[in-house]
Amino acid sequence: MTSPGMVDVTTKGPSMRRNFWRGVWRVMLRKPSRLFGVALLGLFIFMATLGPVLYGRPLPRDPDNFFAPPSLQHPFGTDFQGFDVLALVVIGSRYVLLTALITAIVTIVLGASIGLFAGYRRGRLDAVLMRITDINLTIPGIPILLVLSTVWQFASPWEMGLVLGLLGWGALARAVRSQTLSLRERGFIEAARGLGLSTPHIVVRELLPPIAPYIAMNLLMSMILAVWAQVGLFFLGVMPVIGENWGVMLNRAVFDFGAMTTASRLPYMLAPLLALLLLTVAIVLVVDAMDEIFNPRLREE
Amino acid sequence: MRIRGLTVVYKTPAGELPAVRDIDMDLAPGTITGLVGESGSGKSTLALSLLNAVQPPGRISAGQIEIDGIGDVVKLRGDKLRQVRGGQIGYVFQAAQNSLNPLKTIGKQLLDLGRSHDVDNLRALVAEAKELLGRMGLDGARVLDSYQHELSGGMRQRVGIMFALVLNAHLVVLDEPTTALDVITQANILEIVRDIHAERNLTTLVITHDIGVVAEVADRLAVMYGGQLVEQGPVRDVLGEPQHPYTRGLIQAIPRLTGDISEAHALPGRPPNLSTIPTEGCVFRERCPLRMDICETVEPPLVSGSGRLVACHAVADTPAKGTKATTGVSGGLTSSRVRSGIGEERAAGGDDVNPPETPTEEEQS
Amino acid sequence: MISGQGIVKTFRQRGDVLGKREVKALRGVDFTIPRGGAISFIGESGCGKTTLGRIIAGLETHDDGDIVINDVAMSSLRPKAQQPYFRKVQLIHQDPYSALNPTRTIHQALHDPLKLRAKQIGESSSWIYRRAEELLTLVDLDPSYVLPRYPHQLSGGMRQRVVIARALTVDPEVLVADEAVSMIDVSLRLGILDLLRDLRERLGVSLLYITHDVATARYIGADGEMYVIYRGQIIERGPTDTVISGPVHPYTQSLLSAIPVLYGMEQPGPEQVKPVAAVDTDADAALGADTGCLFASRCPFQTERCVSEWPELGSAVPEYQDPDGRLHACFHPLPRQVAATSVQKG
Amino acid sequence: MTRRLAGQLVRGLVMVWVVLTFTFVIISIMPGDPVGAAYENLIQQGYSPDQAAAETAMMHRFQPTGNIAEQYLEYMGSLARFDLGQSMYTRVDVGDMLLDAAKWTVIPVLLGTILSFGLGVFIGVYAAIKRSSKLGDALTMSGSLLRGIPDFVVGLILAAIFATLWPVLPRSGAVDILYEPGFNLDYILSLGYHAILPVATYTISAYGGFILAMKSSVVTVLGDDFILAAELRGMKRSIIFRYIARNAILPLFTVFALSVAAVFSGAIFIERIFNYPGLGMLLINSIGRRDITVMAGALLLITIAVIIANIIADMFYSVIDPRIRRAGERV
Amino acid sequence: GDDGDDAPGADDNGNGAAEEGDEPEVQRGGAYTTIITGLHATAPPNPYNPDGNSFAGYNSVRLAWVKNHPTSPTEFYPGLASEWEVTDDNLELTVTLHPDATWSDGTPVTADDVVVSSNIAYTRGSGAFILDPGAAGAASDIEVIDDKTVQFTQDPENPTREFVNGIMNMIIVPAHIYGDLLPDDFDELLQAARGEDDAADDAREAISEAGEDVVSFAPEEDISAGPYVLERINPSEALLVRNEHFHNDHLVAPDQVIARNYDGNEQVWDYLQAGELDSSHFVAVPEDVVQQIEARPGNEASRTYSPVVAGLAFNQTYEPFDDINVRRALAYIIDREQMVAVSTPDGGTAATTTSGIHQEVVGEWIGDTVGDLDPYAVDLDRAAEELEAAGLSEENGRWVLPDGDPFSVPIQVPGGFSDWIAAGENIATQLNEFGIDSEIRTSPDFTVYQEEMTNGEYPVGFWLIGLGPSPYNIYQRLYGSSNGWEVLAGRLSYNEPGESGNWKGGPETYDVEGHGEVNPGELAHELRTADEERTHEIMTILAQTTNEHLPVIQMWDYVNTQFSNTDRFITDPPDDARRVTGVTSLAGIWIQQGWVTAVN
Ligand SMILES: Nc1ncnc2c1ncn2[C@@H]1O[C@H](COP(=O)(O)OP(=O)(O)OP(=O)(O)O)[C@@H](O)[C@H]1O
Ligand SMILES: Nc1ncnc2c1ncn2[C@@H]1O[C@H](COP(=O)(O)OP(=O)(O)OP(=O)(O)O)[C@@H](O)[C@H]1O
Ligand SMILES: [Mg+2]
Ligand SMILES: [Mg+2]
């Protein structure tokens, strides 16, 4: 079957991977809504990366047509300066997604490493880290952010994402820690220690892979939370005004333009709201699919 | 209790597969029957079907289970069925350690049981429970006031037995009653089972994969393989002179406390699971040293002789010889395989090398 | 050669309210694993077997006593320096299902320790592959089949073989098999036991077999010593067959008496010892204080001395000289024949 | 259990300390002096420059002096004496302002959380039992989606529907001023009438999470052996249901505690949308005019409320779970 | 020279009380609903407390209410005072209280109340009651003539035209409630505080400390000399009920007043649209919503002059904004009509001149010379020329500075000022479309905005100018401390750009066509005391200076849009009562003057 002496694992590798992707495909097909979710998420990513490029700068506008009602040309009408609302939403997705991504990265780096470390090391350090995690978990993040906004403007997605990540890693750390603890109980970690493998090796090679799916799903959930939090903060109007931003659009629609008072201003509110909902739905559907793909019950006997 | 043609299937991605196939079995009143078999042979499934309690995605697809005074359990539904469970048939759980509600004291759970079965005199029920627990060497009052986590494994197992018996069930099914216990506790529990069985004149089915346990308590022994009964008979007869090659192999695979170590030999191959059980012919043929051509296609009938039932073509052919020459034959047969015992499993492994494209069973399930 | 002297281990659990709860898992255990030899630890659940195994494999610290590996006392070394020694001792876990990382192929599982080994002995990376194949063949697996698979694609028996092969990657001198077959199907157990015996013969590794199943212990190491542990103390120790055929300590006797007899093939031993079933026997708390013999409260032969005095292993009754060189910790030693014997068919 | 409570309290205190230190840092580095904040606002409102200047000068208040460490100690010290200071803007005692606002937040938040807890638990159990059916699937999915929809979106949608498109419910205020406050029907009805939308928002936005948590908890419990055991003992369905419910609800207390924290955060949005005069509104307004003392107080109170919710949830947990309760009794 | 222009005030003498008897009684009854902001249920009913439980015009009264006169700040409607007399030199004011003025507890309002209120005013340094030795126009003497008459005299050395206005605006509180809050030796303190030595400092300190007590004072119940008394309050509404003791109670129509709190304008829109408000002062209302409000039967809108102007200010220490050509270019580019349509169509009108004066009154002050001013109508070609004149050039449609860097205009706006933000965004959009990089930057809030702007951190930002009606105030915002001119002890001095709050950084003098070298700071300072003729002269010069040199580009002139509803009450105040200094919720004043009458 294979050449003697050398075990050719690479020939097996792709087939295993292919099997995995077949499995993924099957899971997707089981509920078509998941395909929809993936497509939707793809669309948002496309919007965020290429949207601004496609529309170009300065954005074309119709200066004689403020708050135009929805039409073929402007599916969600125009805004107070005559900009196409859809274009604003598309361009605004960049900030939202970029922030969510950065939040997710910060969350993962902090949450996963603290969770792994605490769970793997245990002992006093674990206790201390978990107390910190508890505090992080219970601390009311949005009020803190609001207060923080008095001294910090979060003008860039980087800052916003960083802060949201710093406030939101607790849940992941908890989940990762409990996973780590239960994995630790399993023999293979102990075996690796007994074989003299180094701690970084054990953490990266042995612990991380089984936990990765949890991390991935938590990542998506934390992205949802990040999307909410940032849009919410801008919605409250305590953040700086950034041209194309969903939260700012919502804030304006409701508090400046009377979207809740007069139907003619409703499209300006509905567009970012719809985008927000669709993004949420997309992420939820993808998480649902991932849940099934990575479900340990299905991976092990 | 008479079981006839019982078949239980589980719904899997590959369709409905039988975990218990066409089983006939009688449990004579007042006897303890031991049921042994490897993991996955369908023992628990069989036991659950006695209470018509096979859990989805499984279901009883054919057969009857007649119990004196109750009728066909398979046909029972609703409250009737519920009353039979616990009331007529006591069931001691495979993992009795976990068969108790962690948030309620044993006593409260006992009262719940009483209310479920419309026991009028709950006081008497509690007294009965205390008496039973005391009988098993426990302080009844204290145990009833305890939560599950405050009891040790052996104590919980005894509580499980108490629950099975407290309503005066006459048929008791014990699914691996001693698996997680250590030897001394196990001996203790087995003794209790034996004594109470005798005292109350029960009909008992003990399920285990440890032949020693059956040997200790049971009158009759039934051996299960791949969802089918391959051999039945009085314990001592079966152990003394096993006829089915599987039974022989199983017995020989037990290392012994005394005597020649080299008498023990591994059973080659590995136990089948739902999807690898052969659907026609003899279920055991893949691992059978006496395999013949006929085994491939024809299911061996259960042949009875001298109170024994055996389902094997090889034995059916030579019913007389089988009883005499057991030790010699099996010894000879397996000794030729001793050295390759390991290799056999490897071969089995090699056999089911999957072509890369076919998904493995786990992925299917 | 590995030996241990006076190993003591006490677990202190931080209970919520109970304050500190102490579990004396080991109370001064001495043992010797001769090179290429096999010894077994026997005892009921919770008596400290696993703890001892883990201490020997360097996976757990101990409070007192010393482990000596190849004439080097571990207490004389800093933890880092102990590592290479402890690597000579490899633990085979009881649960083959959890002993392998479900997300990594067998190839990956073997590759990592082998790479470490290759670096130590200055071998190239092609050696790693060769060695992996070699080891799998040694444990009677087909490398080309097994290497690319994930653990869940293998049967329990195969997994346990992989676990053994992985332990062998670092060329250990001792394999500690902690209930290595208890989770494996009855019909396949013997295969693994055969493999362990085989490895001992072919590679000269010593075996430390930990179990509560006396029969398998005998199967693995009939020529070795058997240690019987009770609540963290070795209460009897001697050549395996001697201990089985004529145990001296009442605890050993009751243990052997409790082993189910395969009626029809076996008959019970002529004498039987049943521990006194104190009410709630299992509860740890009900067991007597630590002043006297640990088994006293359950011992049918208990005397006053048993309650008040601590029986030392080997010197509890100095005048009693065991002809078979066996040690015990009982004030009233008397060999009893309790083990079941095979029926001789005629 | 007392030890547990003590532990919780210590943790709560640490959290309070963290929050206080945080606000102290914020206050210390806050740019701009709050005095100037109102000036231009007043000008826009029609004050003359002199008057605006005078009006704003009036708001001038003790500015912390001395080195940072001293300030910090003094700050902590006064808080330790429960002296939250006065509003820099209104000179009203911050404690009074907080208490006044707290009742408008705590009651609706608790009401909403408890309602959504009940609803979520109920639907969660149903979704778990019917998990292999289309309906169960749909319920689970709706749970995920609801959990995915931010509270302010729910609030906006409810407001749009019930206060704008079909104006049957008020979008502003907490009670009608014309009714004499006290225990009289008109007043209470008015309270309830104004609370419908906020409470409904809390309820709807929190219960998705409860559905999911309860469902997965029930599924876990359903897989537990003791449920099958109870069935095999012929226990009544109602009793088995109780067994399931009680065991499944246990892990939900943790979820509950966490969600209270989330809902308190949500209150900021909900109160802003429905102009409900609670802590969230107080916080936003105080941030808007840089009323530092009120801001710090509101943040502190929200934190404390969350801590208390956590402690209560934990106490519930330990009362229900004998593994914890008994440990306490045995001493 | 301060030959004080006191004519308007003098003309008004006797207006209030004289005709009172002939006033027809109004139709009474019902509850009048209006709005208020910053209501705090916990705040005390103390008018000195900034949070609204004391409502000017309802339960809090002044001596008189300032009319919204375009050019004269000293015209009043009567409050507690029924008569007042100002000497020609504007140094002495004699006030007579309404003979029937009574507190809601039955105590008559007396001169003593006025004195205590004046003392309290000193503690707060408001109006004419400023202890700053440098400040102009402090009321140096208060003399009680009789029980109902008080005479105020201002410091002749350093007089101000704001003197009368400041006193009339004073809030009057009952001496029997507030008197004890002040130290017994208050008179001596006051005397001491007028000096310039250390003792004076101490005295001033003591006085402002007393002010702290006043602000935080919480009277047990609301004692009002106004038409209403506070009955109860919750976080969202306040209920005021008729004060039977009010001297003009017969003119007061509504039995109750409900003041609804609003924290965001959008709350008010709903009320207005539903016709729930009997009247409301101006809040920013989007155009569509205005239409909807007006479409509702019963709703009426009134639009009157509001003496405030919004401008785009430059920090001339930043290049290239120091270049007059660049500033002019920007003025030619920005389409102010569009900007106003986008940002605040009902709150203002696009500025047509950039004179620094409100469009409504510019003619009053500078007459025909308005026509000489450049209107800076949109003219992109001119803009390009100006930019080129400044050395900029266009590359690929984008303007670049002489050094090749792109020309970029960051427009700073404070967060929360939604109309400014929208305007700023539109300006940025327009500039971008012209080829100039521009974006808005928001400061977290006005505090930060103010401080950072003063620190010179923003090159371009919004700035309020043209605060009428006092001519000094109009130009003080342009050529006052923000541009370097500071008044210390009554004397003017100049700070170099970047120092002591000179963030605009313009030159000290401008070369103005036809006027030569002009020092606008000195001229503005002179406005405090100049006579009418001189005032017009100065205003003309400053208007031209501003128009030519554009330290600030005038953006829009504010308009005061108010709504009322005729379903339950007819609310019909004269236009000049549509705005009163320091009062936003005006219905109380209208009600006490008898301009509100119940329907049926
Ligand atoms: N819920 C299920 N779905 C699918 N297959 C099942 C299910 N439960 C059991 N099986 C299959 O049915 C067969 C018999 O299972 P059963 O539990 O009866 O075996 P057992 O003999 O009791 O084994 P053990 O000794 O491990 O308890 C096994 O192959 C098992 O995989
Ligand atoms: N990490 C630990 N913390 C606290 N107590 C422990 C720990 N590990 C073991 N123990 C206790 O030490 C004692 C010995 O445990 P050990 O696992 O060594 O027993 P064992 O003989 O291996 O039992 P088994 O046969 O059940 O595997 C037990 O009472 C156990 O509860
Ligand atoms: Mg089973
Ligand atoms: Mg163990």
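Structure first, text after, so check above.
Residues numbered from 1 in each chain as written. Chains lettered and ligands numbered in written order. Predicted model: local features only at pLDDT ≥ 70, side-chain atom pairs only at ≥ 80, totals over all residues. Heavy atoms only, no water.

> Explain the interface of chain B and chain C to me, please; I cannot follow it from the model alone.
Think of interface size as the accessible area that goes away when the parts come together; that is how it is often given. In this assembly, 57 residues from chain B lie in contact with 57 residues from chain C. Overall, the association of chain B and chain C removes approximately 5000 Å² of surface from exposure, summing both partners, and the carbon and sulfur fraction of that is 59%. On the surface where chain B and chain C come into contact, there are 2 salt bridges. At the boundary of chain B with chain C, the tally comes to 13 residue pairs in polar contact (both at pLDDT 80 or more). For the side of chain B that touches chain C, the secondary structure elements donating two or more residues are helix 6 (153-165), helix 7 (183-200), helix 8 (211-217), helix 9 (235-240), helix 10 (245-252) and helix 15 (341-351) of chain B. (Contact = heavy atoms within 4.5 Å. Buried area = accessible area lost by both parts, 1.4 Å probe. Salt bridge = Lys/Arg side-chain N within 4 Å of Asp/Glu carboxyl O. Polar contact = N/O pair within 3.5 Å; in protein donor to acceptor, adjacent residues only side chain to side chain. Helix = DSSP H or I, 4+ residues; strand = E, 2+ residues; numbered from the N terminus.)

> Quick question: what am I supposed to make of a nonpolar patch on the surface here?
On the surface, A:Leu43, A:Phe46, A:Leu50, A:Val53 and A:Leu54 cluster together into a nonpolar patch covering about 480 Å² of accessible area. Within the element layout of this structure, A:Leu54 appears in helix 2 (residues 32-55). (Patch = residues over 30% accessible without salt bridge, like charges linked within 9 Å, V, L, I, M, F, W, Y side chains within 5 Å. Areas by Shrake-Rupley, 256 points an atom, 1.4 Å probe, with all protein chains shown as cover.)

> When you look at the packing of helix 5 (residues 94-129) of chain D against helix 11 (residues 252-274) of chain D in this model, what are you seeing that I'm missing?
Angle between the axes and distance between the axes: these two values describe a pair of packed helices. All names here are of chain D. Closest axis-to-axis distance for the helix 5/helix 11 pair is 10 Å, and the angle between their directions is 130 degrees. Relative to helix 11, the element helix 5 is oriented oblique. Considering how the two elements wind past one another, helix 5 and helix 11 form a crossing that is right-handed. Across the interface between the two elements, Trp104, Thr105, Val106, Val109, Thr113, Ile114, Phe117 and Val121 from helix 5 touch Leu252, Phe256, Ser259, Val260, Val263, Phe264, Ala267 and Glu271 from helix 11. The residue inventory of the contact of helix 5 with helix 11, partitioned by class, reads 12 nonpolar, 3 polar and 1 charged. (Axes fitted to C-alpha atoms, helices over the stretch in contact; angles between N-to-C directions. Parallel < 35°, antiparallel > 145°, perpendicular 65-115°, else oblique. Left-handed = near helix turned anticlockwise from the far one by under 90°. Nonpolar A, V, L, I, M, F, W, Y, C, P; charged D, E, K, R; others polar.)

> Is there a simple way to think about the sheet that holds strand 10 (residues 228-234) of chain E in this case?
Backbone-to-backbone hydrogen bonds join strands into a sheet, with any given pair of strands oriented parallel or antiparallel. Residues and elements named next belong to chain E. As summarised here, the arrangement of the 4 strands in space is 1-12-11-10, forming an open sheet in which the pairing is mixed. Lying at the two open borders of the sheet, with one neighbouring strand each, are strand 1 (31-37) and strand 10. Strand-to-strand twist in this sheet, taken as the mean axis angle between neighbours without regard to direction, amounts to 25 degrees. Where strand 11 (residues 237-242) lies against strand 12 (residues 256-262), 5 bridges are found, and the strand directions are antiparallel. Within strand 12, the position partnered with Val241 by the bridge is Gln256. (Pairing = 2+ DSSP bridges.)

> Hey, could you run me through the pattern of salt bridges in this one?
Any two side chains of opposite charge can pair, on the condition that their charged atoms come close. According to the stated counting rule, one finds 65 salt bridges over all chains in the structure shown. A salt bridge links A:Arg131 to A:Asp134; its shortest N-O distance comes to 3.1 Å. Note that A:Arg131 and A:Asp134 are positioned in helix 4 (residues 123-138) at a spacing of 3 residues, about one turn of the helix. The class for A:Asp134 is buried, based on a relative accessible area of 4%. Its salt-bridge partner being C:Lys9, residue C:Glu60 comes within 3.9 Å of it at the nearest N-O pair. With C:Glu60 in the loop between helix 1 (49-56) and strand 4 (64-69) and C:Lys9 in strand 1 (residues 2-14), this residue pair connects regions lying 51 residues apart in the sequence. Given a relative accessible area of 21%, C:Glu60 falls into the partly exposed group. Through salt bridges that share partners, A:Glu190, A:Arg193, C:Lys9, C:Arg54 and C:Glu60 make up one connected network. (Buried < 20%, exposed > 50% of the residue type's maximum accessible area, 1.4 Å probe, protein only.)

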